[in-house]
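Geometric and topological summary
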Amino acid sequence: MGMVKFIEADGTTHEVEIADGESLMLAATRNLVPGIDGDCGGVCACATCHVHVEPDWSEKLTAMADDEDTMLELTDARDEQSRLGCQITMSPELDGVTVRLPFGQH
Amino acid sequence: MSASPSLAGLNPGSPQAFVDGSCNEIFAKLRADDPVHYCPESEFGPYWSITRHEDIMFVDTHPAEFSSDAKHGGVLIMDIFTSELPAFIQMDPPAHTMRRKAASPAVAPNNLANLEGLIRERTAAVLDTLPVGEEFDWVERVSLDLTAKMLATLFDWPIEDRFQLTRWSDLTTTIPGVGGIVETEEERTAELMRAGQIFSELFQERAAQEPKDDLISMLAHSPSSRNMSPADILGDMLLLIVGGNDTTRNSMTGSVLAMNRFPEQYAKVCARPELIPGAVSEIIRWQTPLAHMRRTATQDVEVHGKTIRKGDKVVMWYFSGNRDESIFPDAESLDIERANVRRHVSFGFGIHRCVGNRLAEQQLRILWEEILKRWPNPGQLVVTGDAVPVPSSFVRGYLRMPVRIGA
């Protein structure tokens, strides 16, 4: 069990508990965090769980697979910190990870 | 696994089944007994049908194996004139990625937030002209008019000329002669060529002006689309018109039909308007305004135990995926509180997922917010006769639907 911090585009912060192995997208939708849609249910097929991972945490993440990279190309305002929340799963070293949410998912 | 004898040769793409409603039973049988089904001979030529939700997800998320490219025939079951149009829906990466990125900002959440007030204003104005206590055609008075106004808004097109846009949309999807709006392919081509000239002129005009937030201006100024040929411009314009027209129009009509067929859901949304966003997704699932998208296999691929050969036509039946009971229990019924309501495949998934999905949801949400403000009682919008279906296995929609607003 760990903790993840979601910061909405307007600055509102949500800290939610997350089990090891659970994705950030599921933790957000399970806790009704606004700004994460997760339309496809977590199979990297819709890009509606776009997050910007805070720089301190980026290097602790597993590398991005090709399909995630492809889907991220569809998002608005992609940057160096962009990832899909469904592709980040919780592990002890990610306890406390902080991500910023875009204005909206598309 | 081979098809049971009763299913061998079955052609689920026959428009008749969508008119008489037998498509429900046909796809239920296919999902159960032959989920990846081969039809060796039909008016569309030979093709595969993908009918289960999970298999549709597989095909839709493997664009390298299943091409959308116009050179293979594009994205519709029928190979018609429009399959040659260079629109990004019928391109593969990397061309698709570039062209889609140019159009995407116009329908991104921040731009849509700016449009919220205008959409609400136009929706309210249309609803305020409706007669109370007498029958009228919901398709003509509401669905068609509202979606046409939305297109005019997005393109910064003269609002009084809005039905020119929907005419071009109808021309793009019609099959000439068969209940179509033109008799021959030549007529259609000539009319669309004129559309192409008009759009090219408008494109050049906007390119010469300062950038604005309408779609044509965005395309005319974006580095990845500003050098598009007249054919490319026509292709993208028709794609965006069809995408924004038929689909939302028919979901708007379907929303009233669905609420009438499931009065307990109608009562629920009246009592708890905060359920409108869920209702919108569920209506888009239930209606499935586009019944299918087609791909072409670029190599031999195994799907659900069947080998699809390189070059084969593959039809993903979104309508069937949205009726898959393993994902949506009691799938024929409208249930606005379904936990997984957003997993419907009406927008497709993967790289070709509908670029206007949030705009469609916004228009439907605002429509129902404004309906319930005016007519807050369950069943107050009464469907008083048959909703006449469009004779198509692509567009699942309605030509007419009589409605009366009760007291």
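Anyway, here's the lowdown on the structure attached to this text.

Rules used in this analysis
Residues numbered from 1 in each chain as written. Chains lettered and ligands numbered in written order. Predicted model: local features only at pLDDT ≥ 70, side-chain atom pairs only at ≥ 80, totals over all residues. Heavy atoms only, no water. Contact = heavy atoms within 4.5 Å. Salt bridge = Lys/Arg side-chain N within 4 Å of Asp/Glu carboxyl O. Polar contact = N/O pair within 3.5 Å; in protein donor to acceptor, adjacent residues only side chain to side chain. Helix = DSSP H or I, 4+ residues; strand = E, 2+ residues; numbered from the N terminus. Nonpolar A, V, L, I, M, F, W, Y, C, P; charged D, E, K, R; others polar. Axes fitted to C-alpha atoms, helices over the stretch in contact; angles between N-to-C directions. Parallel < 35°, antiparallel > 145°, perpendicular 65-115°, else oblique. Left-handed = near helix turned anticlockwise from the far one by under 90°. Buried < 20%, exposed > 50% of the residue type's maximum accessible area, 1.4 Å probe, protein only. Pairing = 2+ DSSP bridges. Expected span 1.5 Å × (residues − 1).

Remarks on the interface of chain B and chain A
Counting residues at the interface gives 20 residues for chain B, matched by 17 residues for chain A. The interface formed by chain B and chain A holds six salt bridges in total. Where A:Glu73 meets B:Lys101, a salt bridge forms, and the shortest distance between an N and an O atom there is 3.0 Å. On inspection of chain B and its partner chain A, the count reaches ten residue pairs in polar contact (both at pLDDT 80 or more). Those elements that provide at least two residues to the side of chain B that touches chain A are α4 (95-103), α5 (109-128) and α14 (357-374) of chain B. Its residues assigned to classes, the side of chain B that touches chain A shows eight nonpolar, six polar and six charged.

A closer look at the packing of α5(B) against helix α6 (residues 138-155) of chain B
Residues and elements named next belong to chain B. Put simply, α5 and α6 touch, their axes get as near as 10 Å, and they point 155° apart. Taken together, the axis directions place α5 and α6 in an arrangement best described as roughly antiparallel. When the axes of α5 and α6 are compared, the crossing they make is right-handed. Where α5 abuts α6, its residues Leu115, Leu118, Ile119, Arg122, Thr123, Val126 and Leu127 lie against Trp138, Arg141, Val142, Asp145, Leu146, Lys149, Met150, Thr153 and Leu154.

A look at the environment of A:Gly35
With respect to the helices and strands, the residue A:Gly35 is situated in the loop between α1 (24-30) and β3 (50-53). It is 9.3 Å that separates the C-alpha atoms of A:Gly35 and A:Val51, two residues lying 16 residues apart in sequence.

A closer look at the side chain of B:Arg358
Tracing the backbone through its elements, the reader meets B:Arg358 in helix α14. A distance of 3.2 Å separates a polar atom in the side chain of B:Arg358 from the backbone oxygen of A:Gln105. Not counting residues within four places of it along the chain, the set of residues in contact with B:Arg358 comprises A:Asp37, A:Asp39, A:Thr48, A:Gln105, A:His106, B:Leu112, B:Arg342 and B:Arg353.

Describing the environment of B:Pro263
Residues and elements named next belong to chain B. By the secondary structure assignment, Pro263 is in helix α11 (residues 263-271). Looking at Pro263, the relative accessible area reads 49%, which means it is partly exposed. A C-alpha to C-alpha distance of 26 Å links Pro263 and Thr147, two positions 116 residues apart in sequence.

Considerations on the sheet that holds strand β5 (residues 292-297) of chain B
Residue and element names in this part refer to chain B. Here five strands make up an open sheet; going across it, the order is β1-β2-β8-β5-β3 and the pairing mixed. The open sheet has two free edges, formed respectively by β1 (36-39) and β3 (66-67), since each of these has just one partner strand. Here β3 runs beside β5; their pairing, made up of two bridges, is antiparallel. Its bridge partner lying in β5, Ser67 is registered against Thr296. Packed on one face of the sheet, helix α3 (residues 53-60) meets β1, β2 (47-50), β3, β5 and β8 (313-317) and runs near 130° to β8.

Describing the sheet that holds strand β4 (residues 136-137) of chain B
Residue and element names in this part refer to chain B. Read across the open sheet, the three strands follow the order β4-β12-β9; overall the sheet is antiparallel. One side of each edge strand has no neighbouring strand; the edge strands of this open sheet are β4 and β9 (381-383). The pairing of β4 with strand β12 (residues 402-405) spans two bridges and is antiparallel. From the neighbouring strand, Asp137 faces β12, where its bridge partner is Pro402.

As for helix α12 (residues 276-287) of chain B
All names here are of chain B. Compared with an ideal rise of 1.5 Å per residue, which puts twelve residues at 16 Å, α12 spans 16 Å between its outermost C-alpha atoms and is within 8% of the ideal. Burial within α12 is extensive, with eleven of its twelve residues counted as buried. When α12 is considered as a whole, its buried residues turn out to be Ile276, Gly278, Ala279, Val280, Ser281, Glu282, Ile283, Ile284, Arg285, Trp286 and Gln287. Of the surrounding secondary structure, the elements contacted by the buried residues of α12 are α10 (230-261), α11, α14 and β11 (398-400). Residue Thr288 follows α12 closely and has a positive phi angle near 45°.

What to know about the pairing of strand β5 (residues 97-100) of chain A
Residue and element names in this part refer to chain A. Sheet analysis places strand β1 (residues 2-7) next to β5, joined by four bridges and oriented parallel. When the sheet's bridge partners are listed, Lys5 is paired in β5 with Thr98. Where β3 lies against β5, two bridges are found, and the strand directions are antiparallel. Each bridged residue has a counterpart across the sheet, and for Val53 the counterpart in β5 is Val99.

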